[in-house]
Amino acid sequence: MSTPYWGPDFDALAAFDPDIAGVVVDELDRLRGGLQLIASENFTSPAVLAALGSTLSNKYAEGYPGRRYYGGCEVVDRAEEIGIARGKELFGAEHVNLQPHSGASANLAAYGAFLKPGDTLLGMALPHGGHLTHGTKVSFSGKWFDAVQYGVRPDTEHIDYDQVRDLAREHRPKLIVCGGSAIPRLIDFAAFREIADEVGAILMVDAAHFIGLVAGKAIPSPVPYADVVTFTTHKVLRGPRGGAIVCKAEHAKAIDKAAFPMMQGGPLMHAVAAKAVNLKECLQPEYRTYARQVIANAQALSDGLAAEGLRPVAGGTDTHLALLDLQATGVTGADAEQRCDAAGIVLNKNAIPFDPQPASIASGIRVGSPAVTTQGMAEDDMKAIASLIGTALRDADGSRTAEVAAGVRELVGAHPAYPAPRSSSPPQSAD
Ligand SMILES: Cc1ncc(COP(=O)(O)O)c(C=O)c1O
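For clarity, every value in this text was computed on a predicted model and none was experimentally measured.

1. Quick word on the site of the ligand
If you check the shell around the ligand, you find 13 residues, and the closest are Gly103, Ala104, Asp206, His209 and Lys235. At 2.9 Å from an oxygen atom of the ligand is found a main-chain nitrogen or oxygen belonging to Gly103. Between the ligand and the protein, one listed contact pairs an oxygen atom with a side-chain N or O atom of His209 at 3.5 Å. Notes on the ligand: free accessible area 390 Å², of which the protein chains cover 82%.

Right, dumping it as structure tokens:
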């Protein structure tokens, strides 16, 4: 390679814009200084960050490799082609589209490929674990489509497949979507396929949350069952912020046309390249070990929190996240979030199924293991984290915040995020 590296230069940023350089440094310190338990977050690798901060950001590339609406795309084409090939290999997929800017965009594209405004879609209700884009009234999914919503059973808190079937028979949806943002248990994709086939619906799986576990072969894949699988690339998967779509070959044209030009303009080629880097990471054997450890850690965290008097919704977890009902503790989700935050434990309040509280207060918290597992933490650390959360929750007057914060510092000190010293030196080129 004779071209000199011309990538992120932190010193140049600091010299020109100390305000934003300060934000970048403070955010890195925040990530390093606390326990990041948001189930939808992770720490991307330096390789992914390098692709994200590259000059590929400059290129307009409307269209797809080999058929763009702009000249000069022959180089960025390679990034997209490599990424697509890796996605096909990783997921055993017939078709891959890496262009959606986000998970919500991927879902909009998938709906756009199969639905017209006013068509019926059947999705999981947000308060039961679904996602905004699965038919809530505040999102395009509930505004533009006739959205019917299913949920979980009150007794088991598992998806109510009888209700899904009954609603599908009654409303004859054109598309059924499963997946969500607070579902701790595995989803029965075969059951959804059967229901979709019975009513002639497209089956869409929004795998945003758990696709990393699928990539790591730690849980079953929805790809053989679904007509279309959408996902984000930044959760367990550990890639750049973004979205992607995998589908059967028969839907490839419709999906590609829906992603561009129906839903988006030019793809973010630096993000597409970063997705390709991430997919290569996911193809390594170490990633499988990571995915298995994510689940083991989530289970240990869930068990530990149960020992602290919190009730795991659905009886526990098979995935990377646990949803905990706090009602027996007398602490709301909002208060729990705030008490933990004060001590450097970052998690989110979350509605539990049939929650008597409004979403802004909520009776639950959601915790996830992707980021702390990337830091190298294991089951014993999860027990320690559960104990710290238990102490923080019981600490109404804040008198033990410093003690909990010291426990957090000990854990993140032993397993630092982004441990290597920051450097702006370019890598050596190999002529
Ligand atoms: C299941 C699911 N789908 C879609 C999305 C939307 O992703 P984004 O925030 O990238 O638009 C999320 C985000 O949390 C999600 O959990």
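The structure having been displayed, the exposition proceeds.
2. Details of the packing of aromatic side chains
The way to describe two aromatic rings as a pair is by their centre distance and the angle between their planes. On inspection of all chains with the given rule, the structure shows 12 aromatic pairs. Pairing Phe140 with Trp144 gives two aromatic rings, centres 5.9 Å apart and planes at 40 degrees, and the pair type is tilted. Accessibility expressed as a relative area gives 49% for Trp144, which makes it partly exposed. A ring pair is formed by Tyr287 and Tyr290, whose centres lie 5.5 Å apart and whose planes are at 50 degrees; its orientation type is tilted. Of this pair, Tyr287 and Tyr290 both sit in helix 12 (residues 285-307), 3 residues apart, which is roughly one turn of the helix. Of the two residues examined, Tyr287 and Tyr290, each falls in the buried class. Taken together, the aromatic side chains of Tyr111, Phe140, Trp144 and Phe145 make up a single cluster linked through ring pairs. The ring of Tyr290 carries the charged tip of Arg238 above its face, separated from the ring centre by 4.1 Å.

3. Side note on the packing of helix 15 (residues 379-394) against helix 16 (residues 401-414)
Two elements in contact, helix 15 and helix 16, have axes whose closest approach is 10 Å; the angle formed by their N-to-C orientations is 160 degrees. The angle between helix 15 and helix 16 places the two elements in the roughly antiparallel class. Here helix 15 runs over helix 16; the crossing is left-handed. In this structure, helix 15 contributes Asp381, Ala384, Ile385, Leu388, Thr391 and Ala392 to the contact, and helix 16 contributes Glu403, Val404, Gly407, Val408 and Leu411.

4. A few points about the pattern of salt bridges
Tallied over the entire structure, the rule returns 16 salt bridges. We note a salt bridge from Arg30 to Glu27, for which the minimum N-O separation is 2.7 Å. Of this pair, Arg30 and Glu27 both sit in helix 2 (residues 18-33), 3 residues apart, which is roughly one turn of that helix. We classify Arg30 as partly exposed; its relative accessible area is 38%. When the shortest N-O distance is used, the salt bridge between Arg394 and Glu308 registers 3.0 Å.

5. Digging into the nonpolar core
Residues Phe91, Tyr150, Ile176, Phe192, Val205, Phe210 and Phe231 are the most contacted members of the largest nonpolar core, which totals 54 residues. Residues lining this core come from more than one domain, with at least three contributed by each of domain 1 (53-283) and domain 2 (286-414). Those residues in contact with Ile176 that lie beyond four places of it in its chain are Leu122, Ala168, Phe192, Ile195, Ala196, Val199, Ala201, Ile202, Leu203 and Met204. One finds Leu388, Ile389, Ala392 and Leu411 within the second-largest nonpolar core, a separate group that totals 31 residues.

How each quantity is defined
What you see as residue numbers is a count from 1 along each chain, following the sequence as written. For this predicted model, a pLDDT threshold of at least 70 governs which residues receive local features, and a threshold of 80 or more governs which side-chain atom pairs are given and counted, while totals over whole chains, interfaces and linings are taken from all residues. Hydrogens and waters are ignored; side-chain quantities use all the structure's heavy atoms. Working definition: residue near molecule or strand if any one of its non-hydrogen atoms lies within 4 Å of it. For this analysis, a polar contact is any N or O atom pair within 3.5 Å, provided that within protein one partner can donate a hydrogen and the other can accept it, and provided that sequence-adjacent residues contribute only side-chain to side-chain pairs. For every accessible area listed, the method is Shrake-Rupley and the probe measures 1.4 Å; residues are considered covered only by the protein chains on display. In this scheme Phe, Tyr and Trp rings, the latter by its six-membered ring, pair at centre separations within 6.5 Å, and the angle between planes marks the pair as stacked below 30 degrees, edge-to-face above 60, and tilted otherwise. Remark: exposure states derive from per-residue accessible area (1.4 Å probe, protein chains only) relative to the maximum for the residue type, with buried under 20%, exposed over 50%, and partly exposed in between. Runs of H or I in DSSP of at least four residues are treated as helices and runs of E of at least two as strands, each being numbered from the N terminus. Criterion for a charge above a ring: Lys NZ or Arg CZ within 6 Å of the ring centre, and within 35 degrees of the ring normal. Only the contacting stretch of a helix is used when fitting its axis, a line to C-alpha atoms as for every element, and angles between N-to-C directions run 0 to 180 degrees. An angle counts as roughly parallel when it lies under 35 degrees, as roughly antiparallel when it exceeds 145, as roughly perpendicular when it falls between 65 and 115, and as oblique in every other case. In this scheme the handedness of a crossing depends on how the near helix is turned from the far one: anticlockwise by less than a right angle means left-handed, clockwise means right-handed. Contacts are assigned to residue pairs with any non-hydrogen atoms lying within 4.5 Å of each other. A side-chain nitrogen of Lys or Arg and a carboxyl oxygen of Asp or Glu constitute a salt bridge if their distance falls within 4 Å. As used here, the term nonpolar core means buried Ala, Val, Leu, Ile, Met, Phe, Trp, Tyr and Cys residues forming a set that is joined through side-chain atoms within 4.5 Å. Domain delimitation in this document rests on an assignment produced automatically or drawn from a domain database.

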